[in-house]
Amino acid sequence: MSLTENLVFHVQPGGCLKGTFRVPGDKSISHRSIMLGSLAEGITHITGFLEGEDSLATLEAFQSLGVSIKGPVNSEVTIEGVGMHGLKAPDAPLDLGNSGTSMRLLSGLLAGQGLDITLVGDSSLSGRPMRRVTEPLRLMGAQVETTGQGTAPLVIHPVKRLKAINYELPVASAQIKSCLLLAGLYAEGETTVSEPAPTRDHTERMLNGFGYRVRRDANRISVSGGGKLTACDIDVPADISSAAFFLVGATISPGSDIVLEHVGINPTRDGVINILRLMGADIEILNRRDVGGEPVADLRVRSAPLHGIDIPEDQVPLAIDEFPALFIAAACAEGVTRLTGAEELRVKESDRIQVMADGLAILGADVTPTPDGIVIQGGPLAGGRVNSHGDHRIAMSFAMAALRAQGEIVIDDCSNVNTSFPGFIGLARDAGLTISASEEN
Ligand code: S3P
């Protein structure tokens, strides 16, 4: 798509969601499967891989680093691991598109490779804070430069060795934690990261799956450098962050009854279920099982009246990507919902507090953004034209809002939906949303 084109969603008001579906694979787990599979000894076979632009950016980056990776074909990927020290210098900067996870995790994974590598991204990624990873990496002896504003491009210079550190994360961030654990694989000694609150632990679980020992002691996570990874098979669960749009859509639209299959319900990711249930949602967790070290279940969701709540701050890191969808739920609830302790939302793919507040205000909702959250008074939603500012999760959240709106919702700048949810329009239509897309200049 050329830069002047604007992918616009048009969603008709009303309707409800019905049926049984599987949303695409988990983005966080897909990224990590490529990273660890590439560094492992042996062949890693992945099923359920997310064929979205973000995880494909990671896949292509490792191909540029000399790893032979086949697929994805029908969400299957096969990686011939090169071992911990087998990556080769790429011919050109690695373009990570819109993907913060790729850039932050790769900065750590690549810092100790002894290679010259530059990481670049699109305009959104190039505006996001990167000192949160480069500063602790510098403490480990890495040389990773940012621009003067602390943003990408990141320029990684070879260093002789990395040394382990003991680091307290200033924010609850799985990306910083994972960056440092991946750098720690190459450091002399034991690297320990302490987190102020639990964040997604896919890196730790997957390192274990590849036979690498990770120690957890309360909020402290440690790895020792110098080990190796042994290839394994990975079944990527459906992404709870993609399921979230349907959890909210089915909950807010009377008459809905859906089942979302094979969804990852890792307890460091299930805040969206906990928060919706506190608001009165009817979500049943069926067929709980364990798939390659990650808990998975089918989720049955029926519509239910919601009421506003004060969102418990301990749920914020566990639902960090689901707030755009949760704000739509809050706008459809009776009473007031208050979110605090969520300033991180301002540095995601967009400023999710401001962009959601602007869009909800256009739809007639009573919203007050605050520095670290938002106050939303539930009430009727009108139709209107909103802008997602290139943020995939905001585009899909406003699409679901149409189920309760009184007029058509038109959403600008939706092409980045493909970063995390290829096939969203088709699946949403099958479920009952009256949605179409057009390209405008
Ligand atoms: C992610 C961690 C989260 C999340 C992002 C994916 C990951 O970011 O928002 O979409 O895969 O580690 P932070 O760690 O910055 O909160």
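Further up the page is the structure itself.
Small disclaimer: the values here were computed from a predicted structure and weren't measured.

Here Ala428 shows up in helix H13 (residues 424-431). Residues contacting Ala428, with those up to four places away along its chain left out, are Phe246, Leu433 and Ile435.

In terms of strand pairing, strand S3 (residues 41-47) meets strand S5 (residues 76-82) through six bridges, oriented antiparallel. The residue bridging Ile46 from the neighbouring strand is Val77, located in S5. Relative to S5, strand S4 (residues 68-73) is paired through four bridges, and the arrangement is antiparallel. Within S5, the position partnered with Lys70 by the bridge is Thr78. Hairpin connection between S4 and S5: a loop of two residues separates the two successive antiparallel strands, and Asn74 in this loop has a positive phi of roughly 45°.

Moving on: the nonpolar core. Soluble globular proteins tend to bury their nonpolar side chains together. Formed by 83 residues in total, the largest nonpolar core has its most connected members in Phe246, Leu360 and Phe424. Here the element with the most residues in this core is helix H7 (residues 240-252); it accounts for nine residues. Those residues in contact with Phe424, other than ones at most four positions away along the chain, are Phe9, Phe246, Met396, Ala399, Met400, Val417 and Ile435. Residues Leu119, Leu154, Leu162 and Leu180 belong to the second largest nonpolar core, which totals 65 residues.

The next point concerns the layout of surface pockets. To find the voids left in a structure, one rolls a probe of water-molecule size over its atoms. In this structure, the largest pocket occupies an estimated 650 Å³ of space. If you go around the largest pocket, you meet 36 residues; those closest to its centre are Ala172, Ser173, Ile320, Glu344 and Lys348. Listed by contribution, the elements that provide at least two residues to the lining of the largest pocket are helix H1 (27-39), helix H3 (100-111) and helix H5 (174-184). Take the lining of the largest pocket: its biggest share by element is four residues, from H1.

Turning to the site of the ligand, a few remarks are in order. Around the ligand, the surrounding shell consists of Ser28, Arg32, Thr101, Ser173, Ala174, Gln175, Arg200, Ile320, Asp321 and Lys348. Ser28 is positioned such that a nitrogen or oxygen atom in its side chain is 2.7 Å from an oxygen atom of the ligand. Interatomic distance of 2.8 Å between a backbone N/O atom of Gln175 and an oxygen atom of the ligand. Out of a free accessible area of 390 Å², the ligand has 95% covered by protein chains. Of the pockets mapped on this structure, the ligand occupies the largest pocket. Of the residues that constitute the shell around the ligand, the class distribution is two nonpolar, four polar and four charged.

This paragraph deals with the sheet that holds strand S7 (residues 117-120). Read from one edge to the other, the open sheet built from four strands follows the order S6-S7-S9-S8, with strand pairing classed as mixed. Single-partner strands in this sheet number two, and they are strand S6 (94-95) and strand S8 (143-145). Two elements, S8 and strand S9 (residues 154-157), share three bridges in a ladder whose sense is antiparallel. Of the residues in S9, the one forming a bridge with Glu145 is Val155. Along the sheet, H3 contacts S6, S7, S8 and S9; its crossing angle with S7, the most-contacted strand, is approximately 175°.

What follows concerns H3. Spanning twelve residues, H3 covers 16 Å between terminal C-alpha atoms, matching the ideal 16 Å at 1.5 Å per step. Across the twelve residues of H3, twelve count as buried, placing the element largely inside the fold. Residues Gly100, Thr101, Ser102, Met103, Arg104, Leu105, Leu106, Ser107, Gly108, Leu109, Leu110 and Ala111 constitute the buried set of H3.

Across the sheet, which stays open at both edges, the four strands sit in the order S11-S13-S15-S14 with mixed pairing between neighbours. Each edge of the open sheet carries a strand with a single partner, namely strand S11 (166-168) and strand S14 (215-217). Between one strand and the next, the sheet's axes are offset by a mean angle of 20°, whatever the strand orientation. As paired strands, strand S13 (residues 190-194) and strand S15 (residues 220-224) are joined by five bridges and run antiparallel to one another. Bridge assignment links Thr192 to a residue of S15, and that residue is Ser222.

Inspection of the entire model under this criterion finds five aromatic pairs. Between Phe9 and Phe424 the ring centres are 6.2 Å apart and the planes differ by 20°, which places this aromatic pair in the stacked class. Remark: Phe424 occurs in helix H13 and Phe9 occurs in strand S1 (residues 6-11); sequence separation between them is 415 residues. Exposure class is identical for Phe9 and Phe424. Each is buried.

Reading the values: the criteria
- Residues numbered from 1 in each chain as written.
- Predicted model: local features only at pLDDT ≥ 70, side-chain atom pairs only at ≥ 80, totals over all residues.
- Heavy atoms only, no water.
- Helix = DSSP H or I, 4+ residues; strand = E, 2+ residues; numbered from the N terminus.
- Contact = heavy atoms within 4.5 Å.
- Pairing = 2+ DSSP bridges.
- Core = buried A, V, L, I, M, F, W, Y, C linked by side-chain atoms within 4.5 Å.
- Buried < 20%, exposed > 50% of the residue type's maximum accessible area, 1.4 Å probe, protein only.
- 1 Å grid on protein atoms, 1.4 Å probe; cavity = no way out; pocket = protein on both sides within 12 Å on 5 of 7 lines; lining within 4 Å.
- Points joined across faces, edges and corners; volume = space filled by probe spheres on them.
- Near = heavy atom within 4 Å.
- Polar contact = N/O pair within 3.5 Å; in protein donor to acceptor, adjacent residues only side chain to side chain.
- Areas by Shrake-Rupley, 256 points an atom, 1.4 Å probe, with all protein chains shown as cover.
- Sits in = over half its atoms within 2 Å of the grid points.
- Nonpolar A, V, L, I, M, F, W, Y, C, P; charged D, E, K, R; others polar.
- Axes fitted to C-alpha atoms, helices over the stretch in contact; angles between N-to-C directions.
- Expected span 1.5 Å × (residues − 1).
- Phe/Tyr/Trp six-rings, centres within 6.5 Å; stacked < 30°, edge-to-face > 60°.

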